[in-house]
Amino acid sequence: VPFNQSWAKDASVLVFVLSDTLSNNGTEDLPNWSHSFDAGAAWMALAVQAQAMGYYTHGMVGIDFDAARAELKLPERFRLEAAVAIGRMGAVENLPEGLREREIVSDRKPLAEIAVAGDFTAL
């Protein structure tokens, strides 16, 4: 199984987020430099729409990418970016013990901790 079953076993749907690494202008010889950016935007839109419809999403990159690629028979030009479990919120008590304590509301980091002005020497 190409994903961690403890996160996705009760999901109604498991979606694999893919990106096309080649240009979408009809030519196969040009790279698509925004493929990962586009996949991220698509995942965000999916998460927002799911929330609006009363569903929850959980994005995952801790999947066996090679096994998923083989199972999906994914051509080389496509990059497997992530998997997303979609479903209704379950009871915390149904989670494995190691995951229960992680189910808390967490504060966001202040902007000053995640963004800086200038080039990378500012980090």
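The residue count restarts for each chain, going from 1 along the sequence in the order it is written. At least 70 in pLDDT is required for a residue's local features to be given in this predicted model, at least 80 for side-chain atom pairs to be given and counted, and no such filter applies to totals for whole chains, interfaces and linings, which use all residues. Hydrogen atoms and water are omitted, and side-chain values are computed over all heavy atoms in the structure.

## Brief notes about the pattern of salt bridges
Piece 1. Counted as salt bridges are all cases of a side-chain nitrogen of Lys or Arg within 4 Å of a carboxyl oxygen of Asp or Glu. All told, the structure shown has two salt bridges when counted by the stated rule.
Piece 2. The salt bridge partner of Asp-20 is Arg-77, with a shortest N-O separation of 2.6 Å. With Asp-20 in strand E1 (residues 13-20) and Arg-77 in the loop between helix H3 (65-72) and strand E3 (78-87), this residue pair connects regions lying 57 residues apart in the sequence.
Piece 3. Between Arg-79 and Glu-81 there is a salt bridge, and its shortest N-O distance comes to 3.2 Å.
Piece 4. In this scheme, a residue with accessible area under 20% of its type's maximum is buried, one over 50% is exposed, and one in between is partly exposed, where area comes from a 1.4 Å probe on protein chains only. Note on Arg-79: relative accessible area 43%, which makes it partly exposed.
Piece 5. For Glu-81, a relative accessible area of 15% gives the class buried. Secondary structure follows DSSP: runs of H or I at least 4 residues long count as helices, runs of E at least 2 residues long count as strands, and numbering of each begins at the N terminus.

## Quick look at the environment of Asn-32
Piece 1. Of note, Asn-32 is situated in the loop between E1 and helix H2 (35-52).
Piece 2. The exposure class assigned to Asn-32 is buried, which follows from its relative accessible area of 14%.
Piece 3. Separated by ten residues in sequence, Asn-32 and Leu-22 have C-alpha atoms that sit 4.7 Å apart.
Piece 4. Among all residues touching Asn-32, those that are not within four sequence positions of it are Asp-20, Thr-21, Leu-22, Ser-23 and Asp-38. Contacts are residue-level and defined by heavy atoms, with any inter-residue pair within 4.5 Å sufficient.

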